[in-house]
Amino acid sequence: MKPKAASKNTDSRDRRRLKLLVSGAVQGVGFRPFVHRLASEFRLTGWVRNSTEGMEIEVEGNTESLAEFLKRLKSDNPPLSSITSCEYRFLDMHGYADFRIMDSINSGERNTIVLPDIATCADCLRDIFDKDNRRYNYPFTNCTNCGPRYSIIEALPYDRVNTSMRAFEMCDECRNEYEDFSDRRFHAQPNACPECGPHLELWDKSGKILELRSEALPKACELIRCGKILAVKGLGGFHLMVDARNDKSIERLRQLKGRDERPFAMMFPDIETIREYCMLGDLEESLLNSPEAPITLLRVNKASLKDIAASVAPDNPYFGTMIPYTPLHHLMMTQLEFPVVATSGNISNEPICTENGEALRKLSGIVDYFLVHNRPIVNHVDDSIIKVMAGREMIIRRARGYAPLPISTRAALPEILAVGGHQKNALAISKGNQIVVSQHIGDLETKETFDVFKKAINQLSALHDHKPHSAACDTHPYYKSTRFTEDLPQPKVKVQHHHAHILSCMAENELEPPVLGICWDGSGYGTDGTIWGGEFIRIEKNSFKRTAHFRMFPLPGGEAAIKEPRKTAIGLLFEIYGDNLFDNKSLSIRTQFTEDELGIIRNMLRKELNSPRTSSAGRLFDAVAALLGICKSNNYEGQAAMQLEFAAMKSDADTYYRYDVSKNGNTYIVDWERIIRGIIEEIGKVSVKDIAMKFHNTVVRAAVEIADLVNEEKIALSGGCFQNKILLEKMITELKKKGHKVYWHRRIPTNDGGIALGQIMAAARYTGS
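Analysis parameters
Residues numbered from 1 in each chain as written. Predicted model: local features only at pLDDT ≥ 70, side-chain atom pairs only at ≥ 80, totals over all residues. Heavy atoms only, no water. Helix = DSSP H or I, 4+ residues; strand = E, 2+ residues; numbered from the N terminus. Rg over C-alpha atoms; globule rule 2.2 N^0.38 Å. Contact = heavy atoms within 4.5 Å. Lys, Arg positive; Asp, Glu negative; His and termini not counted. Charge placed at Lys NZ, Arg CZ, Asp CG, Glu CD. Pairing = 2+ DSSP bridges. Axes fitted to C-alpha atoms, helices over the stretch in contact; angles between N-to-C directions. Phe/Tyr/Trp six-rings, centres within 6.5 Å; stacked < 30°, edge-to-face > 60°. Buried < 20%, exposed > 50% of the residue type's maximum accessible area, 1.4 Å probe, protein only. Lys NZ or Arg CZ within 6 Å of the ring centre and 35° of its normal. Core = buried A, V, L, I, M, F, W, Y, C linked by side-chain atoms within 4.5 Å. pLDDT = per-residue confidence, 0-100. Parallel < 35°, antiparallel > 145°, perpendicular 65-115°, else oblique. Left-handed = near helix turned anticlockwise from the far one by under 90°. Nonpolar A, V, L, I, M, F, W, Y, C, P; charged D, E, K, R; others polar.

1. Focus: the overall build of the chain
Thought 1: If you tally the helices and strands in the chain, you get 22 helices and 30 strands.
Thought 2: Relative to its length of 769 residues, the chain is compact, with a C-alpha radius of gyration of 28 Å against a globular reference of 27 Å.
Thought 3: Along the first, second and third principal axes, the C-alpha set of the chain runs to 100 × 60 × 50 Å.
Thought 4: A separation of at least 24 residues holds for 71% of the contacts in the chain among residues at least 6 apart in sequence.
Thought 5: Measuring between centres, the 100 positive side-chain charges of the chain sit 2 Å from its 100 negative side-chain charges.

2. Brief notes about the sheet that holds strand β19 (residues 428–437)
Thought 1: Read from one edge of the open sheet, five strands run β17-β19-β18-β20-β21, paired in mixed fashion. Of all the strands in the sheet, just β17 (406–413) and β21 (492–495) have a single pairing partner and so form its edges. The sheet shows a mean angle of 30° between the axes of neighbouring strands, taken without regard to direction.
Thought 2: With two bridges connecting them, strand β18 (residues 416–418) and β19 associate as antiparallel partners.

3. A short note on the packing of aromatic side chains
Thought 1: Under the definition given, this model contains 14 aromatic pairs.
Thought 2: With centroids separated by 5.9 Å and ring planes inclined at 20°, the aromatic side chains of Trp-520 and Phe-722 adopt a geometry described as stacked. Within this pair, whereas Trp-520 is found in strand β22 (residues 515–525), its partner Phe-722 is found in the loop between β29 (714–718) and α21 (725–737), the two being separated by 202 residues in sequence.
Thought 3: Residue classification places Trp-520 among the buried residues on the basis of a relative accessible area of 0%.
Thought 4: Phe-722 sits in the buried class, given a relative accessible area of 0%.
Thought 5: The positively charged end of Arg-245 is found above the aromatic ring belonging to Phe-338, 3.8 Å away from the centroid.
Thought 6: Note that Arg-546 overlies the ring of Trp-532, its terminal NZ or CZ placed 3.9 Å from the centroid.

4. Considering the environment of Phe-129
Thought 1: With respect to the helices and strands, Phe-129 occurs in the loop between α3 (122–128) and α4 (172–179).
Thought 2: The class for Phe-129 is partly exposed, based on a relative accessible area of 38%.
Thought 3: Spatially, the C-alpha atom of Phe-129 lies 9.6 Å from that of His-330, the residues being 201 residues apart in sequence.

5. Re the sheet that holds strand β14 (residues 369–373)
Thought 1: Spatially, 11 strands are ordered β7-β6-β14-β8-β9-β13-β10-β12-β11-β15-β16 in an open sheet, and the strand pairing comes out mixed. At either margin of the open sheet sits one strand with a lone partner, and together these are β7 (209–212) and β16 (392–397). Pairwise comparison of adjacent strand axes, ignoring direction, gives a mean angle of 35° for this sheet.
Thought 2: Here strand β10 (residues 265–267) pairs with strand β12 (residues 318–322) via three bridges, running parallel.

6. Things to note about unusual backbone geometry
Thought 1: Looking along the chain, the bond that leaves Ala-403 and enters Pro-404 is cis, with omega of 5°.
Thought 2: With respect to the helices and strands, the residue Pro-404 is situated in the loop between β16 and β17.
Thought 3: Cis peptide bonds are those with omega within 30 degrees of zero, and the linkage from Pro-513 to Pro-514 qualifies with 5°.
Thought 4: Relative to the elements of secondary structure, Pro-514 occurs in the loop between α13 (497–508) and β22.

7. Here we look at the environment of Pro-351
Thought 1: Within the element layout of this structure, Pro-351 appears in the loop between β13 (340–344) and α10 (356–363).
Thought 2: C-alpha of Pro-351 to C-alpha of Val-381: the two residues are 30 residues apart in sequence and 9.7 Å apart in space.
Thought 3: Look past the residues within four positions of Pro-351 in its chain and what remains in contact with it is Asn-346, Glu-448, Thr-449 and Val-452.

8. Quick look at the pairing of β13
Thought 1: With five of five residues buried, β13 lies mostly within the body of the structure.
Thought 2: Here two bridges tie β10 to β13, and the two strands are oriented antiparallel to one another. The residue bridging Met-266 from the neighbouring strand is Val-341, located in β13.

9. Section: the nonpolar core
Thought 1: Residues Leu-371, Trp-520, Ile-676 and Leu-717 are the most contacted members of the largest nonpolar core, which totals 134 residues.
Thought 2: Per element, the largest residue contribution to this core is 12 residues, and it comes from helix α20 (residues 688–710).
Thought 3: Not counting residues within four places of it along the chain, the set of residues in contact with Ile-676 comprises Leu-572, Leu-573, Ile-576, Leu-620, Val-624 and Leu-627.
Thought 4: Counting residues in each nonpolar core, the second largest holds 35 residues, with Ile-274, Ile-308, Ile-323 and Cys-353 among its members.

10. Some remarks on the confidence of the model for the chain
Thought 1: In this model, the chain carries an average pLDDT of 94, and 97% of its residues clear a pLDDT of 70 or more.
Thought 2: Note on residues 1–10: pLDDT under 50 across the span, and 18 contacts to partners over four residues away in sequence or across chains.

11. Brief notes about the environment of Leu-212
Thought 1: You can see Leu-212 is positioned in strand β7.
Thought 2: Leu-212 sits in the partly exposed class, given a relative accessible area of 42%.
Thought 3: Separated by 201 residues in sequence, Leu-212 and Leu-413 place their C-alpha atoms 51 Å apart.
Thought 4: Look past the residues within four positions of Leu-212 in its chain and what remains in contact with it is His-199, Leu-200 and Glu-201.

12. Digging into the packing of helix α19 (residues 673–682) against α20
Thought 1: Put simply, α19 and α20 touch, their axes get as near as 11 Å, and they point 165° apart. Classified by the angle between their axes, α19 and α20 sit roughly antiparallel to one another. In this structure, α19 crosses over α20, and the sense of that crossing is right-handed. For the pair formed by α19 and α20, the contact residues are Ile-675, Ile-679 and Glu-682 on the first element and Ile-691, Lys-694, Phe-695 and Thr-698 on the second.
Thought 2: Looking at the contact of α19 with α20, its residues break down into four nonpolar, one polar and two charged.

Below, the structure is given as structure tokens:
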């Protein structure tokens, strides 16, 4: 029931002033118009304004109306907003004559949550497809409910002058919308139209303009239909786009980009088209249609594959799918009416291109044409990637739609900078009871990516006025992120890699110790100087203990073995057979090497030359894939382990191999030797798919046994291996059967993209928070 407004005859003694400071995601989501409408409904006077602290409000009226205003402010807030705190107090009247939206102020502590970019809303979609609307076919249409946010913001508060849209002066019609509190574009900072906003241009490889504005997009679509490769500037960077049905063009893109077998993501015209090719559940559909609109990994429906080229995702049962999330993409895909490859616009191992000149310089050797626009991208933002596992979504790559939304903590933390790892880098900063995790940055292999890493630190620090008391990093001495902290003036806190993984999972799930963490990944620098990766870590209040791990084995060639699982398999077998391995002619793995190669590896292993020892679960999966002949070399990260999972997906085997658990002091050792001997015995006698599934069953069984021996109720799962759907779901199921409470990642990556969060939690404990 609508509450009664205050009467003009209300006793002045019943009238008060309510002063509020609202923090959270309250800027760029239509919160000020909402407050204006709410105040008008209750006939309250006063004002609202953005500040660096959040949203400041003062309203005057009778106490009953003020109480209802406060209640509705919290219950009816805009759908894209979130309130983390609402401080208020009642004061004496000031005597405001009306209610107005005041100019923003740039003072006070910066507590505002910076919003990620938001997919196009239904209202704006109607606008761009309505021939009678002035924004018909306009690719930069937006409102307070959708459009660019993080990709264009330079400073807080979130006002047009603090974004890359300040260069575009609004026309009279846009200005009227912007200033009309009843309009959905009221104070929509990126508001624009064809008369005053950004526009498209189509370039050739030399940068010559071929088409402008409304003529650029139809011509670009025609070129894609003809098999051309286009670099298309979108929301947070460039895509490389090509017809997903054109095998020849895709193979050409692979060759020019230097991307042999790694799957490409695709953009589909709509959900219905995706349904023609993929198995689509309710949760996956809701994710694709959500404001975040991530790339969602879906099982391929091979019975209806139709015309998508096999070269899009070779030997992969999943497609990376997305639907249009900007007006530009909606207009393009409506014209094309078929799926296109939409992969990151970059040179391999470099960050996504964001500037027109940069794209022309770097991508002209890959693409045929460029579809660009003149709205500057301030913060690069890749597409997020999600996979549904164990009945809920898990973020594989956290970027557009999710970053830089914070993770909340129960207690306020000191200001800490965490620089993350070396691969899949993302950094984090803590402020108050929030930890802001950056967008995906990438592998810090190249100067270009490292430059983006440093830029991201500066941007996040400036946005949040962050002045770190300490810097947290990985213990690996040669990570670029670790070495970066050496030049910082703040005290350093070095956090063991797998410790950070588990603390990240605990922070996301708001867990308090004690917890047993099961952390399986490719590698992490151990406290003993060896390479860890198959770890069981018990987390106490102010410490952690390695309670168990896989038996260690040598990696001949070190990093080279990671790229060649066949070498990892030889290291594993050498641990079992010793030098006799090389005289055993019956082992099928020998056929993957020349005699000269075996001689070199034999010498390395004998003399322990460049053959570091590891307990890595990821390398164990690689070795089994090589033994089975599934994958001899990794053409992209995780390929061998993924192919092993894909083989197991075809099996319903419920048996397992024998294994041993021993104890070395207070540490349990999971010995895989009998697993490997069992696999070798079955090669050629049992199907590859059943061996692959039996291996999965066995490592899960071993993990559950360790959990029972350690006797800890709460189990946290983290590490890149848990991107494996079979492994994760079996682990959760079997641990729960034994009475354990199991926790895993959801909105923070389980891979190295999530460790910066754990580094902050470790550093906070170290500094006494």
